[in-house]
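Summary of the model geometry
Residue strings, one per chain:
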Amino acid sequence: MLTEALVLSAFLFAVGTFGFLVRRNAIIMFLCIELQLNAVNLSFVAFSRYLGIEGQLYVFFVMTVAAAEAAVGLAIIISIFRHFETVNVNNFNLLKW
Amino acid sequence: MTLPLVYSALQEGHEILAAHEVAGEAFEPFLPGLVILLPLLGFILNGALALAASRRSADALRGGAELDFFEGGKRPWTHSLPTWIGPGVIGLAFLIVLVNFTRMLGADLHEPVIRHYWTWMSTGAFQVDAALQLDQLSMVMMLVVTGVSFIIHVFSVGYMGEDQGYPRYFSYLNLFVFFMLTLVMGASFLLMFVGWEGVGFCSYILIGYWFTDKAKADSGKKAFIVNRIGDLGFLVAMLLLFAGFGAFAGFGTLNFVGVFAAAPDALVYGGGVVTAITLLLLLGATGKSAQIPLYVWLPDAMAGPTPVSALIHAATMVTAGVYMVARTSVLFALAPVGGLTVALIGATTALFAATIGLAQNDIKKVLAYSTISQLGFMFIGVGVGAYAAGIFHLMTHAVFKGLLFLGAGAVIHSMHHALHHTHNDADPQDMRNMGGLRKFLPITWITMWLATLAIAGIWPFAGFFSKDEIIWMAGARAGGVSGGWYTLIWIMALAAAMITAVYMTRLMIMTFHGKNRTGQEEARHLHESPWVMTVPLMVLAFFSIFGGWINVPHAISDSFLGGFGLLPMTEWLHEWLHPIAGVATEIQAANAGAFVDRAPFGGGELLWAVLSTGAALIVVLVSARVVGGFKILPAGESPEPVGFKKVLFMKYYVDEFYDRIIVQPLIRASRFSWKVIDAGIVDGVANGLGNLARALGWFGSLFQTGSVNTYALFLAIGVLVILGVVAF
């Protein structure tokens, strides 16, 4: 049972990572990060069945942080969109030397 | 009129002395710390005034005009207060010293009294206290330093009165006295060294007092740098004393009391370590006291104001080396080679500098070489182990050479005014431009003649007793170990004494006698100095006459030269300094033989005293006749000296020689290390490393694209790599 859950978790994480690396739309990349976070949540839940309740406790932490991050991140994306009228990250490379 | 007065005063001193031998009270110092602090206070107050004055003149400069502090004949407060503060603090210090001196006279003092104030530094076994040492030797030095300083401070009021930097001058002079007192009162080698460096620094700023003149500023630098060589010797000697070398484990302390108590047991007589220590100390002394090979800075030091030359470069600072040898007499007694070297250097310097003095035309240069020569005599004294004689000459020389310099100052002051009024740009210090000044400066003329007779060693002036004592003591060792050397020193000293009489007479004749060579218009502006300058001359003249009577040897005191016992204080200084020099004298007597009461070629002390004063008198009279017969032309019309006279005039080309073998190679080496080693190698490595770092940075910056995807990719790769490392 644990193995299946972990495989699913790893698959979801890999999908999230791949999506983050290859997509250029900021909102899609953002959703990929959510996917990665939830993949981790899944393994937490799976482990908590064998190792104790702390795993589920961490899931709540992650969800709280993800919610906060979603609020801030979306706000940033919206303000970027208002400025550049696009959310394609290839256009945003000002932050360098 | 004054003679009976002096006599009774001296008689009284003698009675006090006689009383103290039976009395035997403990010596209780009176405010010794204040003696040092008063000059420091003067420095701070005068320094504050100098800063206030400089702020005013800077404001004026910003407004586009140079400020004349004496405009309209009025002195601003910054320039009138130093008149009272400068000499005042020194006078007070002198009074305190006098109180201490009378107390010490009445006390029975065998061990030095140490006044401990606080621990200066303490690291492991090394501890130095801020402590003052009061004993017979430091007392004599305190008397000389504060007394002569006070007189010269008073003289300065007149001499420097119209100088724009008046408060600055007095602050420097006060600071000098502070350091000089630290030097003579400090209770350890390190405190002495503090004073030693301090007076060197003050000498530097006072030589370069008129620093806008580059030649004068350079003279200050020369004095400072030449002294560094000697100071290195002092420093290494201190390290050897503290930490030891080879079989000698070191004293573990730098306190005079500790070192000198342990020295006779800890050091082997004539051993390598103690010889090295004394020779290194001697190197320090040759720097400070202007002896061969480090004397070259003193003639150049005459660039400073003349009272500075009198105080620092004649009476006090330059005698620090003599004081140091007398202070460390135990070490020098343990190292016969060290002592002999001191005496030999002294004799060579005395003769060498005296001959240069014969051909100089600058009045201060003659006196400078005379000072070097007289310091040589003091070195002979302390070198042969006659410490009291060396210190005795130090005292009398401080008085009569101080007087000669102040007299020269008065002459230069007057000459300067006369030449200034007539817009003549001739050199006011060149004796060829003077002549016949006795009509215009009668007090200066008489007092300087008294000092000349004193320095020439003519009975009964001060210099006769002190110089004769030194020459006699040098001869008195001719019968002992390495007697040949001492015979040589004795002959050289006698010759130098005769030459002294020649060049001093020449100076007096050229300056004060013969026809006036200033020019008629100039001569009308020549005038005697104000009383604030002539009174110091008279005070010093008084001591130039009678100062020698404090230490008349028995052989002379009981003869007709001493009025058959009429001179009151027979060998007073000798007995006074016995607690200091006694140990050294015993060590020397036990190992190298005592002083013999006989000159190298026979004859007793009295005979040689009569011979030397007679010879000196004849030399003075003859050279007065000879120089009086010369046709002297003003500096502008004089021909160049030729032959040996030119060699003397050019000071044996020693400066040129030093320039060729030391200064120029040093400059070349410095240029090499600047251009090749520093600019080439060191800077090359530093710049190379900088360029390397910049190139690496540039390469690294290629990875910073500003694009989120690149960063995410590297992040992912990094995570994979770390996971790979952890997993396998």
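Up top is the structure.
Notes on the structure follow. Quick caveat, the model's predicted, so the values are computed rather than measured. (Residues numbered from 1 in each chain as written. Chains lettered and ligands numbered in written order. Predicted model: local features only at pLDDT ≥ 70, side-chain atom pairs only at ≥ 80, totals over all residues. Heavy atoms only, no water.)

**Let's talk about the environment of Gly-47 of chain B**
Residues and elements named next belong to chain B. Put simply, the test is: What counts as a helix is a DSSP run of H or I of at least four residues, what counts as a strand is a run of E of at least two, and both are numbered from the N terminus. When accessible area is computed with a 1.4 Å probe and restricted to protein chains, residues below 20% of their type maximum are described as buried, those above 50% as exposed, and intermediate ones as partly exposed. A contact between two residues is defined here by any heavy atoms of the two lying within 4.5 Å.
Within the secondary structure, Gly-47 sits in helix H2 (residues 32-62). Using a relative accessible area of 16% as the deciding quantity, one classes Gly-47 as buried. Residues Gly-47 and Arg-168, 121 residues apart in the sequence, show an inter-C-alpha distance of 6.2 Å. The residues touching Gly-47, leaving out its near neighbours within four places in the chain, are Gly-42 and Ser-171.

**With respect to the interface of chain A and chain B**
Just so we agree on the cut-off: By buried area we mean the combined loss of accessible area, with a 1.4 Å probe, across both parts when two parts are placed together. One speaks of a salt bridge when a side-chain nitrogen belonging to Lys or Arg is within 4 Å of a carboxyl oxygen belonging to Asp or Glu. Each residue is assigned to one of three groups, with Ala, Val, Leu, Ile, Met, Phe, Trp, Tyr, Cys and Pro labelled nonpolar, Asp, Glu, Lys and Arg labelled charged, and all others, Gly among them, labelled polar.
Contacts between the two partners involve 12 residues from chain A, matched on the other side by 11 residues from chain B. Around 840 Å² of area is buried between chain A and chain B when both sides are counted, 58% of it from carbon and sulfur atoms. For the pair chain A and chain B, the interface holds zero salt bridges. Residues that form the side of chain A that touches chain B fall into these classes: seven nonpolar, two polar and three charged.

**Quick look at the packing of aromatic side chains**
All names here are of chain B. Let me state the cut-off plainly: Put simply, two rings from Phe, Tyr or Trp (the six-membered ring, in Trp's case) pair if the centres are within 6.5 Å, and we call them stacked under 30 degrees between planes, edge-to-face over 60, tilted for the rest. Charge-over-ring placement is defined geometrically: NZ (Lys) or CZ (Arg) within 6 Å of the ring centre, and within 35 degrees of the ring normal.
Counted according to the given criterion, the structure contains 34 aromatic pairs over all chains. Relative to Trp-210, the ring of Tyr-209 has its centre 5.5 Å away and its plane inclined at 70°; by these criteria the two rings are edge-to-face. The exposure class of Trp-210 is partly exposed, given its relative accessible area of 27%. Look at Phe-256 and Phe-260: their rings are 5.8 Å apart centre to centre, the planes differ by 5°, and that puts the pair in the stacked class. Residue Phe-256 and its partner Phe-260 are both found in helix H8 (residues 256-266); the two are separated by four residues, about one turn of the helix. Side by side, Phe-256 and Phe-260 carry an identical accessibility label, which is buried. Through pairs of rings, three or more aromatic residues link up here, namely Tyr-166, Tyr-169, Phe-170, Tyr-172, Tyr-209 and Trp-210. Its guanidinium or amino end placed over the ring of Phe-256, Arg-327 lies 5.4 Å from that ring's centre, counting from NZ or CZ.

**Focus: the pairing of strand S2 (residues 126-134) of chain B**
Across a regular strand the side chains alternate sides, sitting on one face of the sheet and then on the other. Where we set the bar: Any two strands between which DSSP finds at least two bridges are classified as paired.
Most of S2 of chain B is tucked away: eight of the nine residues are buried. Hairpin connection of strand S1 (residues 113-123) of chain B to S2 of chain B: two residues between the antiparallel strands, including Gly-124 of chain B at a positive phi of 60°.

**Examining the layout of surface pockets**
Regions of empty space are outlined by a rolling probe, equal in size to a water molecule, passed over the atoms. Just so we agree on the cut-off: Here a cavity denotes grid points, spaced 1 Å and computed from the protein atoms alone, that fit a 1.4 Å probe unable to get out, and a pocket denotes an open set having protein on both sides within 12 Å along at least 5 of 7 lines; residues with an atom within 4 Å of a point are the lining. Grid points are joined across faces, edges and corners, and a volume is the space filled by probe spheres set on the points.
When its volume is computed, the second largest pocket comes out at roughly 840 Å³. Partitioning the lining of the second largest pocket into residue classes produces 10 nonpolar, 11 polar and nine charged.

**Digging into a nonpolar patch on the surface**
Residue and element names in this part refer to chain B. Here is the rule we go by: Patch building starts from residues that exceed 30% relative accessible area and form no salt bridge, then joins like charges within 9 Å and nonpolar side chains (Val, Leu, Ile, Met, Phe, Trp, Tyr) within 5 Å. Computed with a 1.4 Å probe, the accessible areas rest on the Shrake-Rupley method; for each residue, only the protein chains presented here act as cover.
There is a patch of nonpolar side chains on the surface, built from Phe-672, Val-676, Ile-677, Ile-681, Val-682, Val-685, Leu-689, Leu-692 and Leu-696 and spanning about 840 Å² of accessible area. By the secondary structure assignment, Val-676 is in helix H27 (residues 654-701). For Val-676, a relative accessible area of 37% corresponds to the partly exposed category.

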